Amino acid sequence: MSDALACPAPHLDARSSGAAFASVEVFSDMRPAQADWAELETTCAHSAYQRRDWILPWLGSVGRANGVSPAVVVARNAAGRPVALLPLGVMARGPLRLAEFLGGKDANFAFGLFRPGLALSADDVRALLRAAAAATPGGVDLFALVNQPYAWEGEPNPLAAIARRASPSGGFKAALAPDGEAWLKGRISGDSRKKMRKKEQQQ
């Protein structure tokens, strides 16, 4: 898990973005991005926080209230098929236009959708971000990409390959079992559960 991953975004023509992808588009309207997003959701490793059915309600409520404008980045191969999607949003932070993953502090894991088998070097990722900055209406001054897992479901996270700082705490996940009581007993001590029940009764 890495945190506070940031990359300056000098302008770069999206058409010169590198060999790993042929073109980059940025959608400030979510509707045209839906087909590409749906396709990648069915093939790419991702958490609940990269799903449209989580992001769209967040954007329409918390995101809108905080002045977040969508900037969904879609990278395509030479055949025009989407190979990567970054569900980003742009907001003003002082004099800067800051881009970060939609979901903000409400998302435990924030990363992109990358087609399996897509090999992106650190240079490719930097080129993708520069192309995205150039294609974003109004531009982007800084990418702040936090809560980046090193890998997800066995697939490496290309964004973790560029400059980063380790998170102060790790990220954890577990598969839920049909027997919820047995699952809790296996992970939370009896003393901790007793304290939780006491707090619940006091509320």
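Everything numeric in this text was worked out from a predicted model, so none of it was measured.

1. Description of the environment of T43
Examined against the element boundaries, T43 turns out to sit in helix α1 (residues 34-43). On a C-alpha basis, the gap between T43 and L113 in space is 8.9 Å, while along the polypeptide they are 70 residues apart. Looking at T43, its side chain comes within polar contact range of the main-chain oxygen of E39, at 3.5 Å.

2. Structural notes on the layout of surface pockets
Empty space among the atoms becomes apparent when a probe as large as a water molecule is rolled across them. Quantified by volume, the largest pocket comes out at close to 220 Å³. Residue lining of the largest pocket: 16 residues in total, with F114, E155, P156, N157 and P158 positioned closest to the centre. Of all the secondary-structure elements, those providing two or more residues to the lining of the largest pocket are β9 (151-152) and β10 (155-156). The calculated volume of the second largest pocket comes to roughly 160 Å³. Lining the second largest pocket are W58, V62, G63, N66, V68, M91, R93, E100, G104, K105 and D106. Those elements that place two or more of their residues in the lining of the second largest pocket are α2 (52-65) and β5 (82-93). At three residues, α2 tops the list of elements feeding residues into the lining of the second largest pocket. Looking at side-chain class alone, the lining of the second largest pocket contains four nonpolar, three polar and four charged residues.

3. Side note on unusual backbone geometry
One non-glycine residue, N147, lies in positive phi territory at about 55°. Assignment of secondary structure puts N147 in the loop between β8 (142-145) and β9. If you check the backbone angles, E153 has positive phi at about 50° while not being a glycine. Here E153 falls in the exposed class, since its relative accessible area comes to 55%.

4. Observations concerning the nonpolar core
Judged by nonpolar contacts, the single largest core of 29 residues is most densely connected at F21, V73, L86 and F143. Listing elements by their share of this core, those giving two or more residues are β3 (23-27), β4 (69-76), β5, β6 (96-101), α3 (122-135) and β8. Top element by residues in this core is α3. It accounts for seven residues. Listed in part, the 16 residues of the second largest apolar core include F27, L40, I55 and W58.

Reading guide: rules and limits
- Sequence order as written defines the numbering, with residues in each chain counted from 1.
- Where local features are concerned, this predicted model is filtered to residues with pLDDT of at least 70; where side-chain atom pairs are given and counted, the filter is 80 or more; whole-chain, interface and lining totals use all residues.
- Derived side-chain values reflect all non-hydrogen atoms in the structure, with water molecules and hydrogen atoms excluded from consideration.
- Only runs of H or I of at least four residues qualify as helices and only runs of E of at least two qualify as strands under DSSP, and these elements are numbered from the N terminus.
- Polar contact is the term for a pair of N or O atoms within 3.5 Å; when the atoms are in protein, one must be able to donate a hydrogen and the other to accept it, and sequence-neighboring residues count only if both atoms are side-chain atoms.
- Of the two site types, the cavity is a set of points on a 1 Å grid over the protein atoms alone where a 1.4 Å probe fits but cannot get out, and the pocket is an open set with protein on both sides within 12 Å along at least five of seven lines, each lined by residues with an atom within 4 Å of a point.
- Grid points are joined across faces, edges and corners, and a volume is the space filled by probe spheres set on the points.
- Residues are grouped as follows: Ala, Val, Leu, Ile, Met, Phe, Trp, Tyr, Cys and Pro are nonpolar; Asp, Glu, Lys and Arg are charged; every other residue, Gly included, is polar.
- The buried label applies to any residue whose accessible area, calculated with a 1.4 Å probe on protein chains only, is under 20% of its type's maximum; exposed applies above 50%, and partly exposed to all values in between.
- The set of buried Ala, Val, Leu, Ile, Met, Phe, Trp, Tyr and Cys residues whose side-chain atoms join them within 4.5 Å is what this entry labels a nonpolar core.

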